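One-letter residues, chain by chain:
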Amino acid sequence: MTGADGWLLGALQVLALAEHELLVFAAFWFTIGLFDELGLDLAYLWLRLTRRTRTVRLAPGYGVDRLMGPVAVMIPAFREAAVIGTTIAHALKAWPQQELQLYVGCYRNDPATLAAAMAAAARDPRVRLVVHGAEGPTTKADCLNRLYRALCDDEQRRQRWFRAVVLHDAEDMVHPAALQAIDAAVSAVDFVQLPVRPGLLPQSRWVAGHYADEFTESHAKALVVRSALGASLPAAGVGCGFARVALERLAERRRDAGEADAGPFAPECLTEDYELGLTLSAEGRGSAFLRLRDADGNLVATSSYFPARLDQAVRQKTRWIHGIALQGWERLGWSTKPVELWMALRDRRGPLTALVLVAAYLLLLIDAILLLGEAWTGQALFVPLSAPARVMVALSLAGLGWRLLARLVFTAREYGLAEGLRAVVRVPVGNVIAIMAARRAVAAYLRSLGGGDVVWDKTDHAAHPATARLGKVRA
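Residues numbered from 1 in each chain as written. Predicted model: local features only at pLDDT ≥ 70, side-chain atom pairs only at ≥ 80, totals over all residues. Heavy atoms only, no water.

**What to know about unusual backbone geometry**
Logical step 1: Of the consecutive residues Gly 136 and Pro 137, the connecting peptide bond is found in the cis state with omega at -5°.
Logical step 2: You can see Pro 137 is positioned in the loop between strand 4 (127–132) and helix 4 (140–158).
Logical step 3: Its identity is not glycine, yet Arg 79 carries a phi of approximately 50°, on the positive side.
Logical step 4: With respect to the helices and strands, Arg 79 occurs in the loop between strand 2 (71–76) and helix 2 (84–94).
Logical step 5: For Arg 123, which is not glycine, the phi dihedral falls at a positive 60°.
Logical step 6: Structurally, Arg 123 can be placed in the loop between helix 3 (111–121) and strand 4. (Helix = DSSP H or I, 4+ residues; strand = E, 2+ residues; numbered from the N terminus.)

Here it is as structure tokens:
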């Protein structure tokens, strides 16, 4: 053996030791993840078998009746001139009730969005445009608090008190039955959440499409189980309704803490909706997650187009991981209740999941190098695995197969078999986005600890599902 061959063999042996450690690390966490997901899946299957997850089918014409009282819908908007007009016009048409008041928040340095909102309002008295005095963007929560102050001013001036407040984003397409469903639900709970159903973009089957896979499984299974177990529910920020008195209770709490003229939303938090839902779920009359279908079998859900480009998707998921996994740990702490602890761990696992995925993909690369090395040197390089390690690897592979099957089934059920098959192929796309977003989220969180400002790192929207023909929803 020449000196060069000896050096190559030594390097490959070191690489083999690294491969062994990475394999054990990844297999251990994949096994933990398998039991986590299996627990959720078994709970869901039990709920299905006991018929506690049956989706309610609404009667024909549901959604046009008078509401039980005035309902405010808040829509914060910054640089959304391309979609805000369609959102307003569609909401006014889908929800004909005169008890509706639409509050649209714009910024003084964003005249294009304000002009588009004014044109869509078409002098409909149910639309109230509110111009924020600050330069935008501040944060979404700050914009919502400005809308909340306008709502309070209107109540005092008109002596007309709102029954509920509903949150939506500037790019949302609402379902005609959603407003009446939320109005009915807040009679019993302080917070209600409807599903989110991402629209499919033919020009972005992989990046935008992976949102459909993730939201469908989460809002058809995870939140259903969470609600059935009595755990606190996170708000998605869209398609969610709150009892008016519950929001005022939170606003008073913030004012008592020394925040003058405070609203119920936390402007220092990137995911104020998530935090708001958990808070209201744990107090007062609690929360509910509603899965309903209209008379035609369509899911009563909020639809919108999610980011189509990789950089946009990474930026959006960075905000989610930063707010939920990192700020959530800091701001909300940990519960001692087993179910709440379990759900908090699931919510905050993003950075750890990304680290394990990096290890797994690095492992694949190293394995390929070692296989080539064995063929070149003619010597066995892989370090033998212990019996526990072999069991963990087997469980990890079985878990991967089970997760891919579940992803296929849930996506196919909502979008059709073709999308279900694509969902399996889209898994690596989602993994890459999660890895990149987690790295950015950790960096952003460390900057915030050093005193950096929290800003609305929002996503731009150019298309609206109400202007396109959506695929038929499967019942």
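Once you've had a look at it, read on.
**Some words on the environment of Leu 223**
Logical step 1: On the secondary structure map, Leu 223 appears in helix 6 (residues 209–228).
Logical step 2: A residue is classified by how much of its surface remains accessible, and Leu 223, at 8% relative accessible area, is buried.
Logical step 3: For the pair Leu 223 and Met 68, spaced 155 residues apart in the sequence, the C-alpha separation amounts to 27 Å.
Logical step 4: With near-sequence residues (within four places) excluded, Leu 223 lies in contact with Ser 218, Leu 233, Pro 234 and Phe 289. (Buried < 20%, exposed > 50% of the residue type's maximum accessible area, 1.4 Å probe, protein only. Contact = heavy atoms within 4.5 Å.)

**A look at the nonpolar core**
Logical step 1: Counting 39 residues, the largest nonpolar core has Val 73, Ile 84, Ile 88, Trp 95, Leu 102 and Leu 179 as its most contacted members.
Logical step 2: Counting only elements with at least two residues in this core, the list comes to strand 2, helix 2, strand 3 (100–107), helix 3, strand 5 (164–167) and helix 5 (178–185).
Logical step 3: Non-local contacts of Trp 95, meaning those with residues more than four positions away in its chain, are made with Val 73, Leu 100, Arg 126, His 168, Val 174, His 175, Pro 176, Ala 178 and Leu 179.
Logical step 4: Among the nonpolar cores identified, the runner-up in size contains 30 residues, and Leu 151, Val 224, Ala 246 and Ala 251 belong to it. (Core = buried A, V, L, I, M, F, W, Y, C linked by side-chain atoms within 4.5 Å.)

**Quick look at the confidence of the model for the protein**
Logical step 1: Summarising the model, the protein shows a mean pLDDT of 91, and 95% of its residues fall at 70 or more.
Logical step 2: In this model residues 469–475 is a low-confidence stretch, pLDDT under 50, and it forms 24 contacts with partners more than four residues away in sequence or in other chains. (pLDDT = per-residue confidence, 0-100.)

**A word on the pairing of strand 8 (residues 240–243)**
Logical step 1: Here strand 8 shows two buried faces, one formed by Cys 240 and Phe 242 and the other by Gly 241 and Ala 243.
Logical step 2: The sheet contact formed by strand 5 and strand 8 spans four bridges and is antiparallel. Residue pairing across strands places Ala 164 opposite Ala 243, the latter belonging to strand 8.
Logical step 3: With three bridges connecting them, strand 6 (residues 191–193) and strand 8 associate as antiparallel partners. Residue pairing in the sheet places Val 192 in a bridge with Gly 241 of strand 8. (Pairing = 2+ DSSP bridges.)

**Points about the pattern of salt bridges**
Logical step 1: By the definition in use, this model includes 36 salt bridges.
Logical step 2: For the salt bridge of Arg 205 with Glu 419, the shortest nitrogen-to-oxygen distance reads 2.6 Å. Of this pair, Arg 205 sits in the loop between strand 7 (196–198) and helix 6 while Glu 419 is found in helix 13 (residues 417–449), placing the two residues 214 residues apart along the sequence.
Logical step 3: The partner of Glu 283 in a salt bridge is Arg 249, with the nearest N and O atoms 3.2 Å apart. (Salt bridge = Lys/Arg side-chain N within 4 Å of Asp/Glu carboxyl O.)

**Remarks on the side chain of His 210**
Logical step 1: Tracing the backbone through its elements, the reader meets His 210 in helix 6.
Logical step 2: Judged by its relative accessible area of 2%, His 210 falls in the buried class.
Logical step 3: A polar side-chain atom of His 210 sits 2.8 Å from a polar atom in the side chain of Lys 317.
Logical step 4: Beyond its immediate stretch of four places on either side in the chain, His 210 contacts Arg 205, Lys 317, Arg 426, Gly 430 and Ile 433. (Polar contact = N/O pair within 3.5 Å; in protein donor to acceptor, adjacent residues only side chain to side chain.)

**Focus: helix 9 (residues 310–332)**
Logical step 1: For helix 9, which comprises 23 residues, the first-to-last C-alpha distance of 30 Å matches the rise-based estimate of 33 Å (1.5 Å per residue) to within 8%.
Logical step 2: The first or second residue beyond helix 9 is Gly 333, which carries a positive phi of 70°. (Expected span 1.5 Å × (residues − 1).)

**Focus on the sheet that holds strand 4**
Logical step 1: Taken in spatial order, the seven strands line up as 4-3-2-5-8-6-9 in an open sheet, and their pairing is mixed. Single-partner strands in this sheet number two, and they are strand 4 and strand 9 (287–289). Geometrically, the sheet is characterised by an average inter-axis angle of 20° between neighbouring strands, direction not taken into account.
Logical step 2: Alignment of strand 6 against strand 9, held across three bridges, turns out to be parallel. By the bridge assignment for strand 9, Val 192 is matched with Ala 288.
Logical step 3: Of the strands in this sheet, strand 3 and strand 4 are in contact with helix 3, which crosses strand 4 at around 170°. (Axes fitted to C-alpha atoms, helices over the stretch in contact; angles between N-to-C directions.)

**Quick look at the state of the cysteines**
Logical step 1: Under the criterion given, the structure shown has zero disulfides.
Logical step 2: Free of any disulfide, Cys 106 has its nearest neighbouring cysteine sulfur in Cys 143, separated by 7.6 Å. (Disulfide = S-S within 2.5 Å.)

**Side note on the packing of helix 6 against helix 13**
Two measures define how a pair of helices packs: the angle their axes make with one another and the distance between the axes.
Logical step 1: Running from N to C, helix 6 and helix 13 cross one another at 95°; their axes reach a closest spacing of 9 Å. With respect to helix 13, the element helix 6 is oriented roughly perpendicular. On helix 13, the residues that touch Gly 209, His 210, Asp 213 and Glu 214 of helix 6 are Ala 423, Arg 426, Gly 430 and Ile 433.
Logical step 2: Residues belonging to the contact of helix 6 with helix 13 are distributed by class as follows: two nonpolar, three polar and three charged. (Parallel < 35°, antiparallel > 145°, perpendicular 65-115°, else oblique. Nonpolar A, V, L, I, M, F, W, Y, C, P; charged D, E, K, R; others polar.)

**A look at the side chain of Thr 411**
Logical step 1: Mapped onto the elements of the fold, Thr 411 is located in helix 12 (residues 387–415).
Logical step 2: Thr 411 has contacts with Asp 213, Thr 216, Gly 416, Glu 419, Gly 420, Ala 423 and Arg 426, leaving out every residue within four places of it along the chain.

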